[in-house]
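Results of the structural survey
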Amino acid sequence: VSQRMACASASPCVLARARAVAPRNAASRGTEPSSSGARGASPRSLGDRRAPWARAASGGVDVSLSSTLPALKPWAEAKVQKCAGAWEKAAALAPNPPIAVVDLVPDEPSSPDGALSGDVEVKKKKKGPFETEFGAFIYDKGYRQLFRALGYPGADAEAALALERLNGCAATLAPRDASSRVVLDVSCGPGIITTRIAAGLRGYDALVASDVSEAMTKRAAEQLDTLAATTQVLRAKQGNDDDVASDASMAPLPAFAAVRADVCALPFADASVAAAHSSAGAHCWPDPMRGFKEIARVLKPGGVFVASTVVLASPIREKYVENGEAADARAYQNGVWDVNTPFWDADAVVEMVRESGLVDVEVLKEDKCFVMIAARKR
């Protein structure tokens, strides 16, 4: 236990982890490690630039912070390099190093009013209800389930809808080059949909869970650790028990990473991720248009973006019109809408995503207040 805690507290940019349960190595994903210890090529081909201890963990585990991250902006790269050595030394001592939760929120405010996505201000303030570890737990175990009343189809069904488009995109991407195929899950929350996406991804090398809330990002990392451990146990049982049938659930998992990041100032380089996903997040961003533009920026050409969000119920829109508060989507967005409130309607969401620069924007599913859209980068 002390070794694992040493990993978590090795550096200020690696956020402390309350719990970490599973190895996240090649064995747990059912693949053979590459020559550098990672599954496939490192996104930035760090290879020999990594210190010896980053390649010396027991069982061939690659403990490099860079091994599963896409290319980063220079300021974010500098942050990672500043803390990488301490993390890698500590993690190499642990037999089962956890997923590192790396803090890559800019030091300066990313929006004109000084707020980060999720309404987290730069000045220290009282945390919101879902910014604490207890809040993240409650969101995971109860609050998110209330979304069914808004028309959300349930976690399994929502993930299946997203995976159909994400996996379909993987088949159309250009052949692999020196960089890995990374899926970015923006505003991942406690990992409810993230883990289901991770379990069903095909054709990608890594999944990066990202949220502006430190507590949510940690919780998502823990859930991904649990997924890796469970998969490893089931795969071992499958190998030792002829009665256990082989199925798609035993397919190799992608590599995992967790990054605390502001969607309005993503730390990733231009055209660095193959696909992006966000569940019930966009209406919580202080500047949705800026968030959509950031996602468009980091997507590779041909990359897909799949997102679900919340819109106003028809009777509420009618009330806004009757009361003279907002006659249409633009008036509502400019004069009424605030953080963590629904968008006007599905067409308004589609229009924002189009304005961000993405193309082929379409509504995949709409029910009551639930909307899921998909788009791609030209």
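Before going into details, it helps to say that this report is about the structure given with it.

Scoring rules and cut-offs
- Residues numbered from 1 in each chain as written.
- Predicted model: local features only at pLDDT ≥ 70, side-chain atom pairs only at ≥ 80, totals over all residues.
- Heavy atoms only, no water.
- Core = buried A, V, L, I, M, F, W, Y, C linked by side-chain atoms within 4.5 Å.
- Buried < 20%, exposed > 50% of the residue type's maximum accessible area, 1.4 Å probe, protein only.
- Contact = heavy atoms within 4.5 Å.
- Helix = DSSP H or I, 4+ residues; strand = E, 2+ residues; numbered from the N terminus.
- Axes fitted to C-alpha atoms, helices over the stretch in contact; angles between N-to-C directions.
- Parallel < 35°, antiparallel > 145°, perpendicular 65-115°, else oblique.
- Left-handed = near helix turned anticlockwise from the far one by under 90°.
- Nonpolar A, V, L, I, M, F, W, Y, C, P; charged D, E, K, R; others polar.
- Phe/Tyr/Trp six-rings, centres within 6.5 Å; stacked < 30°, edge-to-face > 60°.

**Some points on the nonpolar core**
Counting 58 residues, the largest nonpolar core has Leu65, Ile295 and Phe305 as its most contacted members. Those residues in contact with Leu65, other than ones at most four positions away along the chain, are Val14, Val80, Cys83, Ala84, Trp87, Glu88, Ala100 and Val102. Listed in part, the 40 residues of the second largest apolar core include Ala170, Leu207, Ala275 and Met372.

**With respect to the environment of Glu318**
Tracing the sequence through the fold places Glu318 in helix α9 (residues 314–322). Among the residues examined, Glu318 registers a relative accessible area of 45% and is labelled partly exposed. Sequence spacing of Glu318 and Asp328 is 10 residues, and the spatial spacing of their C-alpha atoms is 9.8 Å.

**Details of the packing of helix α8 (residues 288–298) against helix α11 (residues 346–355)**
At their nearest, the axes of α8 and α11 sit 8 Å apart, and the two run at 50 degrees to each other. One finds that α8 runs oblique with respect to α11. With respect to the hand of their crossing, α8 and α11 are arranged in right-handed fashion. Each of Pro288, Met289, Phe292 and Lys293 in α8 lies in contact with α11, whose residues at this interface are Met352, Val353 and Glu355. When its residues are assigned to classes, the contact of α8 with α11 shows five nonpolar, no polar and two charged.

**As for the packing of aromatic side chains**
Counting across every chain of the model gives seven aromatic pairs. Residues Tyr320 and Tyr332 carry aromatic rings whose centres are separated by 5.4 Å and whose planes lie at 65 degrees to one another, so their mutual orientation is edge-to-face. Taken as a pair, Tyr320 in helix α9 and Tyr332 in helix α10 (residues 329–335) lie far apart in primary sequence, 12 residues in all. The two residues Tyr320 and Tyr332 agree in class, both being buried. Considering the side-chain rings of Trp337 and Phe343, the 5.8 Å spacing of their centres and the 10 degrees angle between planes classify their relative orientation as stacked. We classify Phe343 as buried; its relative accessible area is 0%.

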